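Okay, here's what each chain looks like letter by letter:
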Amino acid sequence: MTQYYILVFKNTLDSIKAEKFLKDNSIEITIMPTPTGITQSCGISIKINPDDIDKIKELITENKLTVKTVFGREESAYRRIYNNEE
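Residues numbered from 1 in each chain as written. Predicted model: local features only at pLDDT ≥ 70, side-chain atom pairs only at ≥ 80, totals over all residues. Heavy atoms only, no water.

S.K.: I would appreciate a short explanation of the overall build of the protein chain in the present structure.
M.R.: Per the secondary structure count, the protein chain includes two helices and five strands. N-terminal to C-terminal, the α/β element order of the protein chain is β-α-β-β-α-β-β. Its C-alpha radius of gyration of 12 Å places the protein chain within 12% of the 12 Å reference for a compact globule of 86 residues. Across its three principal directions, the C-alpha atoms of the protein chain cover 30 × 25 × 20 Å. Counting only residues that meet the buried cut, the protein chain has 41% of its 86 residues in that class. Looking at the protein chain alone, contacts between residues at least 24 apart form 63% of all its contacts between residues at least 6 apart. Carbon and sulfur atoms provide 45% of the accessible area of the protein chain, an area that totals close to 5,300 Å². (Helix = DSSP H or I, 4+ residues; strand = E, 2+ residues; numbered from the N terminus. Rg over C-alpha atoms; globule rule 2.2 N^0.38 Å. Buried < 20%, exposed > 50% of the residue type's maximum accessible area, 1.4 Å probe, protein only. Contact = heavy atoms within 4.5 Å. Areas by Shrake-Rupley, 256 points an atom, 1.4 Å probe, with all protein chains shown as cover.)

So, in structure tokens, the structure goes:
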């Protein structure tokens, strides 16, 4: 079972925009450092609850939210569930 999800971004500006957008849309988030073991990317990530993942996927599909990668945290490991790396 997934404990939480992490949204990873290409740069700090994208993470700041996403933070504001998600808060404005009443999605509970936590700002956290990007775990170095999962990617060499922007140092800021957003942690979301599993209950919000379907809404996040919808926002990504509708191009309302831009993320580089989404990881699910399961027990002691991260699992990539979405990748937009070019």
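Now, onward.
S.K.: Help me understand the nonpolar core in this model?
M.R.: The nonpolar side chains of soluble globular proteins are, as a tendency, buried together. Judged by nonpolar contacts, the single largest core of 17 residues is most densely connected at Leu 7, Leu 22, Ile 46, Ile 48, Ile 56 and Leu 65. Of all the elements in the fold, those that place two or more residues in this core are strand 1 (2–8), helix 1 (12–24), strand 3 (44–48) and helix 2 (53–61). When residues in this core are grouped by element, the largest group, four residues, is from helix 2. Contacts of Leu 22, omitting those with residues within four sequence positions, involve Leu 7, Ile 27, Ile 29, Ile 46, Ile 56, Leu 59 and Leu 65. Tyr 4, Ile 6, Ile 38 and Phe 71 belong to the second-largest nonpolar core, a separate cluster that totals six residues. (Core = buried A, V, L, I, M, F, W, Y, C linked by side-chain atoms within 4.5 Å.)

S.K.: Is there a simple way to think about the packing of aromatic side chains in this case?
M.R.: In this description, a pair of aromatic rings is defined by centroid distance and the angle of the planes. Taken as a whole, this structure holds zero aromatic pairs when the rule is applied. Above the ring of Tyr 4, the side-chain terminus of Lys 47 is found at 4.3 Å from the ring centroid. (Phe/Tyr/Trp six-rings, centres within 6.5 Å; stacked < 30°, edge-to-face > 60°. Lys NZ or Arg CZ within 6 Å of the ring centre and 35° of its normal.)

S.K.: Sorry, what's going on with the confidence of the model for the protein chain here?
M.R.: Low pLDDT marks regions whose predicted coordinates should not be analysed in detail. Averaged over every residue, the pLDDT of the protein chain is 91; the share at 70 or more is 97%. No element of the protein chain has a lower mean pLDDT than strand 5 (residues 77–83), which averages 90, and none a higher one than strand 3, which averages 96. (pLDDT = per-residue confidence, 0-100.)

S.K.: What is the right way to look at the pairing of strand 4 (residues 69–74) in this model?
M.R.: Side-chain direction in a regular strand flips from residue to residue, so the side chains alternate between the two faces of the sheet. Taking burial as the measure, the six residues of strand 4 include five buried ones, the bulk of the element. As judged from the six bridges shared by strand 1 and strand 4, these two strands associate in the antiparallel manner. Bridge assignment links Ile 6 to a residue of strand 4, and that residue is Phe 71. The sheet contact formed by strand 4 and strand 5 spans six bridges and is antiparallel. Opposite Gly 72, over in strand 5, you have Arg 79 as the bridge partner. Here strand 4 folds back onto strand 5 in antiparallel fashion, the turn holding two residues, of which Glu 75 has a positive phi close to 55°. (Pairing = 2+ DSSP bridges.)

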